[in-house]
Amino acid sequence: MPPKSTNSQKTPCQQCPLRGLAHFREFTPDELDFVSRFKTGELSVDAGATILVEGSHSAHLYTVLSGWAFRYKLLSDGRRQILNYAVPGDLVGLQGSIQGEMQHSIEALSPVTLCVFERDKLDQLFTRYPSLAYDLTWIAAQEERILDEHLLSIGRRTAIERAAYLLAFMFERGRASGLVSNRAVLPITQQHVADTLGLSIVHTNKTLRKLADRRLIRWQDRGCLVLDDEGLATVAGWEGLPETRRPFI
């Protein structure tokens, strides 16, 4: 079962650490006041904990405040496809809020703190705060653009291009959201990489060794150390994320 949220609001929205990052747009005073009332508390989960379960009905939406998480779907025989990774500022559970039943599961990749919002109050955002409603639409459209790139990677990139793209993508998103510095460890296992890229664990291991031989990464017990994110992007033929300020709720 998904963990239950706490009732206390530990981080006032006015003091949100994400607001100081250049990656995110500013709120107007009215928007900030609404989001402060929209937020009901915070939820802290350990790495490996399930946040939302496919097929369940969630009463909440969550914005990632700190840490990494990932969305995935399971086949009946237990095979897993990781769809995307969530970083601070990302809204998770949106599909369940609008359609009722969750269409995927979400798991914490590292210790994660989430801002908790009641989905029943989502209509107030659309009726009273059109700028925030636009932001929500932007977030959904951005998710679709990211999935387009992931699909291109799985469908057309070679194994080494896929792996290079994934690691460069995660590094850039982590850096923009304040999770990583110029050289940082991504908290993923080779199984996570395999489940994202649609490769066997043996093929994944061989592919990652090729990137390590080029001195682009170094695999460690606690994750992947990115040594050259620009080199990874070059191998993948990926131009990187657009340098625009993005909204968050």
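My aim in this report is to walk through the structure given alongside it, one point at a time. (Residues numbered from 1 in each chain as written. Predicted model: local features only at pLDDT ≥ 70, side-chain atom pairs only at ≥ 80, totals over all residues. Heavy atoms only, no water.)

**What to know about the overall build of the protein**
Okay, so step 1: Each helix and strand counted, the protein has eight helices and eleven strands in total.
Okay, so step 2: Whereas a compact globule of 249 residues would reach a radius of gyration of roughly 18 Å, the protein reaches 18 Å, a difference of no more than 12%.
Okay, so step 3: Principal axes of the C-alpha set define a box for the protein whose edges measure 55 × 40 × 30 Å.
Okay, so step 4: When the accessible area of the protein is evaluated, it comes to approximately 12,200 Å², of which 50% is carbon and sulfur surface.
Okay, so step 5: Taking the average place of the 29 positive charges on the side chains of the protein and the average place of its 29 negative ones, the gap between the two points comes to 4 Å. (Helix = DSSP H or I, 4+ residues; strand = E, 2+ residues; numbered from the N terminus. Rg over C-alpha atoms; globule rule 2.2 N^0.38 Å. Areas by Shrake-Rupley, 256 points an atom, 1.4 Å probe, with all protein chains shown as cover. Lys, Arg positive; Asp, Glu negative; His and termini not counted. Charge placed at Lys NZ, Arg CZ, Asp CG, Glu CD.)

**Details of the pairing of strand 7 (residues 105–108)**
Okay, so step 1: Neither face of strand 7 is left uncovered, since the one carrying S105 and E107 and the one carrying I106 and A108 both have all their residues buried.
Okay, so step 2: One ladder, built from two bridges, connects strand 2 (residues 50–52) with strand 7; its direction is antiparallel. By the bridge assignment, L52 is partnered in strand 7 with I106.
Okay, so step 3: Here strand 4 (residues 69–74) runs beside strand 7; their pairing, made up of four bridges, is antiparallel. In the sheet register, R71 faces strand 7, and the bridge partner there is I106. (Buried < 20%, exposed > 50% of the residue type's maximum accessible area, 1.4 Å probe, protein only. Pairing = 2+ DSSP bridges.)

**Description of the nonpolar core**
Okay, so step 1: Formed by 37 residues in total, the largest nonpolar core has its most connected members in L167, M170, L211 and L232.
Okay, so step 2: Elements with a contribution of two residues or more to this core: strand 4, strand 5 (80–86), helix 5 (159–176), helix 6 (190–197), helix 7 (201–213), strand 11 (223–226) and helix 8 (229–236).
Okay, so step 3: In this structure L167 touches L186, I188, L208, L211, I217, C224 and L232, once residues within four positions along its chain are discounted.
Okay, so step 4: Counting residues in hydrophobic clusters, the runner-up holds 25 residues, among them C13, C16, F27 and F38. (Core = buried A, V, L, I, M, F, W, Y, C linked by side-chain atoms within 4.5 Å. Contact = heavy atoms within 4.5 Å.)

**Let's talk about the sheet that holds strand 11**
Okay, so step 1: Across the sheet, three strands lie side by side as 9-11-10; this open sheet has antiparallel pairing. The strands lining the two open edges of the sheet, one partner per strand, are strand 9 (185–186) and strand 10 (217–220).
Okay, so step 2: Here four bridges tie strand 10 to strand 11, and the two strands are oriented antiparallel to one another. Each bridged residue has a counterpart across the sheet, and for R218 the counterpart in strand 11 is L225.

**Regarding the sheet that holds strand 3 (residues 60–66)**
In sheet architecture, strand pairing relies on hydrogen bonds along the backbone and comes in two forms, parallel and antiparallel.
Okay, so step 1: The strand order 1-8-3-6 describes an open sheet built from four strands, whose pairing is antiparallel. Two strands close off the open sheet at either side, each with one partner strand: strand 1 (39–45) and strand 6 (91–92).
Okay, so step 2: As paired elements, strand 3 and strand 6 share two bridges and run antiparallel to each other. Following the sheet pairing, Y62 is matched in strand 6 by V92.
Okay, so step 3: Contacting strand 1 and strand 8 (112–118), helix 1 (residues 29–38) crosses the sheet at an angle of about 60° to strand 1. (Axes fitted to C-alpha atoms, helices over the stretch in contact; angles between N-to-C directions.)

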